[in-house]
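Fold and geometry: a report
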Number of protein chains: 2
Amino acid sequence: MGFLEKVLQLDDVIGQLECAEHLEELQSVIEWLRDHYAVDDMVYHWVSSNGTQYGCGTYDPAWVQRYLEKGYLRIDPVVLGCYQRFHPVDWKRLDWSGKAARAFLNDAVAHGVGNQGYSIPIRGPNGQFALFTVSHSCDDAEWESFTEIHRRDLILLAHYFNQTALKLEPGRTPEPTQPLSPREVETMTLLAVGYSRAQVAETLSISEHTLRVYIESARFKLGAMNTTHAVARAIARGQIVV
Amino acid sequence: MGFLEKVLQLDDVIGQLECAEHLEELQSVIEWLRDHYAVDDMVYHWVSSNGTQYGCGTYDPAWVQRYLEKGYLRIDPVVLGCYQRFHPVDWKRLDWSGKAARAFLNDAVAHGVGNQGYSIPIRGPNGQFALFTVSHSCDDAEWESFTEIHRRDLILLAHYFNQTALKLEPGRTPEPTQPLSPREVETMTLLAVGYSRAQVAETLSISEHTLRVYIESARFKLGAMNTTHAVARAIARGQIVV
DNA sequence: CGGCGCCTCGCTATATCTGGGGAGTTGGAA
DNA sequence: TTCCAACTCCCCAGATATAGCGAGGCGCCG
């Protein structure tokens, strides 16, 4: 297949993603892509803050099931690694030291996940986070060559998969993303860097009572149960920078 | 210029971005791109919510100066709009109602900013946010056609500009992170989603005192002053996924 | 085998946070 | 102008977190 032809097919796929009206369509697109690139597996994985996950892809359903049951989301070095990075990452470059990580890896290969992998982190508004992953079984050189050639295609595909998922899943961001007022941002930021309420109040030169109003107001806007929750959400949604 | 040739040039540009070792190099790349696409302006704009900004691009320096002086960051509908969106957006589709927005628009065109624009939001870890913008003066039909054709190129360029900016941005020295134990991860995670200590203890089926040991131990490992600080750091460092 | 890290549990007292009220000023938007 | 959101201040009682002391069992690794 010539290069030009492939580019045009990529165009088709993106067009199909843009026109999709149901999440199920993503599944067939991703299967087509898996075959097209001749890899073992291809997965789009929505990692939501409220614990719910959505994914489509070609992993063995038994593995997906196990992943959810075991709560591997909090262990998987791919997720944790991509969460801290911006650029796509080869699985080999992640941190697989640590007992839990190695146990996870063994379990994964036992369920047929390839030894090679390449994952692209994607971020949307309000801290939305997703992963687009391609995985395969082959030696390092072959994989290196594959990722080198298709990196840019994969970045675009990741982008459009996420765009479609965002479009089709508006209920994913249930809390109306109310912006925090400047004072609330300052309050949350100072709390996030370890100040106590009294210290924050002193730093902002306001009474502690006033400060409490900000915390409560921010907590309400963020739909949080307590201060720690509010700060966590503010960080996760990118409303404050620590 | 043929399509294939252009693709190869895009390759060159991306390669140059990946190899860049100083932020100044971005400036020459973006000027080359502006000429290549034959548009009026092209801008990469790092928008850190703590107020600091970095940008490179082809806007009139007087306009950039005025933008900073006037604090337009908090008014600019392009910034505000992109902050709420994932996909690239045409300026025409933004909300230009509101007195401040219209005043900003008038000021912008007075400083030579084109009437058409297309901006791509980009997000990195820890709420990092940037914009890649291309702007021009032409009629709607011509602009529609331009964005339709080059959308994917621009998305990729936005991605690589941001990757380079992230790489070259100083002060991003991640502190050596001591790994948290599985129980500590669970503890921090549940606290981050709003559970009180008692609730976490119940959820994990352990005594509240044991839980407290985990919190203190995690706080120590994270170098945190209190629970909120510890949770904030764990999230910001990607040690837990919320 | 002897450390070391991890997991589990106990007590007490103080400091801090939370939740329920209410009230006045300012500046920008409808 | 009228209204609303943001900012500022106040009281109080009960819930919750923190700080200090302790203890024992389990599994891994040199």
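Residues numbered from 1 in each chain as written. Chains lettered and ligands numbered in written order. Predicted model: local features only at pLDDT ≥ 70, side-chain atom pairs only at ≥ 80, totals over all residues. Heavy atoms only, no water.

Points about helix H9 (residues 208-222) of chain B
Definition in use: Put simply, DSSP marks the helices as runs of H or I at least four residues long and the strands as runs of E at least two long, and each gets a number from the N terminus on. Between the first and last residue of a helix there are one fewer steps than residues, each counted as 1.5 Å, and that sum is the expected span. Whether two residues touch is decided by their heavy atoms; if any such pair falls within 4.5 Å, the residues are in contact.
Compared with the 21 Å implied by 1.5 Å per residue over 15 residues, the 21 Å span of H9(B) between its first and last C-alpha is a close match. Residues of H9(B) that are buried sit in contact with helix H7 (182-192), helix H8 (197-204) and helix H10 (227-236) of chain B.

Topic: the environment of Ser97(B)
Along the polypeptide, Ser97(B) turns up in the loop between strand S3 (89-90) and helix H5 (99-110). As a C-alpha pair, Ser97(B) and Val213(B) span 116 residues in sequence and 54 Å in three-dimensional space.

Side note on H8(B)
Residues and elements named next belong to chain B. The criterion, for reference: Think of it in three bands: with a 1.4 Å probe and only protein chains considered, a residue is buried below 20% of the maximum accessible area for its type, exposed above 50%, and partly exposed in between. Regarding the arc, it is the one traced by the directions from the helix axis to the C-beta atoms.
Within the sequence span of H8, burial applies to Val200, Ala201 and Leu204. Looking straight down H8, one finds its buried side chains confined to an arc of 100°; they lie on one side. Structurally, H8 contributes buried residues whose contacts are with H7 and H9. Immediately beyond the C-terminal end of H8, within one or two residues, lies Ser205, with a positive phi of roughly 55°.

Comments concerning unusual backbone geometry
Notably, Ser205(A) is not glycine yet its phi reads approximately 55°, a positive angle. Here Ser205(A) shows up in the loop between helix H8 (197-203) and helix H9 (208-222).

Considering the pairing of strand S5 (residues 129-136) of chain A
Strand residues, when the strand is regular, have side chains that alternate between the two faces of the sheet. All names here are of chain A. Formally: The pairing criterion is simple: DSSP has to find at least two bridges between the two strands.
S5 sits mainly inside the fold: 8 of its 8 residues count as buried. Where burial is concerned, the two faces of S5 agree: the one with Phe129, Leu131, Thr133 and Ser135 and the one with Ala130, Phe132, Val134 and His136 are both buried. Pairing of strand S1 (residues 41-47) with S5, which is carried by 7 bridges, proceeds in the antiparallel orientation. Residue pairing in the sheet places His45 in a bridge with Leu131 of S5. As paired elements, strand S4 (residues 116-123) and S5 share 8 bridges and run antiparallel to each other. Residue pairing in the sheet places Ile122 in a bridge with Ala130 of S5.

Brief notes about the sheet that holds strand S4 (residues 116-123) of chain B
Residues and elements named next belong to chain B. Selection rule: Only the contacting stretch of a helix is used when fitting its axis, a line to C-alpha atoms as for every element, and angles between N-to-C directions run 0 to 180 degrees.
Overall, antiparallel pairing links the 5 strands, which are arranged S2-S1-S5-S4-S3 in an open sheet. The outermost strands of the open sheet, each flanked by one partner alone, are strand S2 (53-57) and S3. Two elements, S3 and S4, share 2 bridges in a ladder whose sense is antiparallel. Looking at S4, one finds that Asp90 is bridged to Tyr118. Strands in contact with helix H6 (residues 140-168) are strand S1 (41-47), S2, S3, S4 and strand S5 (129-136); relative to S4, the strand with the most contacts, it is inclined by about 30°.

Looking at the environment of Ile235(A)
Here Ile235(A) shows up in helix H10 (residues 227-236). Sequence separation between Ile235(A) and Gly127(A) is 108 residues, and the spatial gap between their C-alpha atoms is 8.3 Å. Non-local contacts of Ile235(A), meaning those with residues more than four positions away in its chain, are made with Ala192(A), Ile240(A), Val242(A), Ala232(B) and Ile235(B).

Digging into the protein's contact with DNA strand C
Rule in force here: Put simply, a residue is near a molecule or strand once any heavy atom of it comes within 4 Å of that molecule or strand. Any pair of N or O atoms that falls within 3.5 Å is considered a polar contact. Within protein, one atom must be able to donate a hydrogen and the other to accept it, and sequence-neighbouring residues count only if both atoms are side-chain atoms.
Neighbouring DNA strand C are 19 residues, the closest being Arg197(A), Arg212(A), Arg219(A), His209(B) and Tyr214(B). The sugar-phosphate backbone supplies 56% of the atoms of DNA strand C found within 4 Å of the protein. Side-chain polar atom of Thr210(B) to a phosphate oxygen of DNA strand C: 3.0 Å apart, as the coordinates give it. Going through the elements one at a time, H9 of chain A together with H7 and H9 of chain B are the ones with two or more residues in the surface near DNA strand C. Looking at the surface near DNA strand C element by element, the count peaks at 6 residues for H9(B).

Notes on the packing of aromatic side chains
All names here are of chain B. For clarity, the threshold we go by: Geometry of aromatic contacts follows a simple scheme: Phe, Tyr and Trp rings, the Trp one being its six-membered ring, pair when their centres are within 6.5 Å, and the pair is stacked under 30 degrees between planes, edge-to-face over 60, tilted otherwise.
In the structure shown here, the tally under the stated rule is 26 aromatic pairs over all chains. Ring geometry for Tyr37 versus Phe146: centroids 6.3 Å apart, planes at 90°, classification edge-to-face. In this pair, Tyr37 sits in helix H2 (residues 23-37) while Phe146 sits in helix H6, placing the two residues 109 residues apart along the sequence. Like Phe146, Tyr37 is buried. Centre to centre, the rings of Tyr83 and Phe129 are 4.8 Å apart; their planes meet at 80°, and the pair counts as edge-to-face.

Section: the pairing of S4(A)
Across the 8 residues of S4(A), 8 count as buried, placing the element largely inside the fold. In S4(A), alternate side chains face the same way, and those of Gln116(A), Tyr118(A), Ile120(A) and Ile122(A) on one face and Gly117(A), Ser119(A), Pro121(A) and Arg123(A) on the other are all buried.

Some thoughts on the sheet that holds S4(A)
Residues and elements named next belong to chain A. The strand order S2-S1-S5-S4-S3 describes an open sheet built from 5 strands, whose pairing is antiparallel. Strand pairing shows two members of the sheet lacking a second neighbour, strand S2 (53-57) and strand S3 (89-90), which therefore form its edges. Relative to the sheet, helix H6 (residues 140-168) contacts S1, S2, S3, S4 and S5, its axis offset from that of S4 by approximately 30°.

Some remarks on the protein's contact with DNA strand D
Surveying the vicinity of DNA strand D reveals 17 residues, the closest of which are Ser181(A), Tyr214(A), Arg197(B), Arg212(B) and Arg219(B). Near-protein atoms of DNA strand D (within 4 Å) split between backbone and bases, with sugar and phosphate holding 63%. At a separation of 2.9 Å, a phosphate oxygen of DNA strand D approaches a polar side-chain atom of Arg183(A). Contributions of two or more residues to the surface near DNA strand D are made by helix H7 (182-192) and H9 of chain A together with H9 of chain B.

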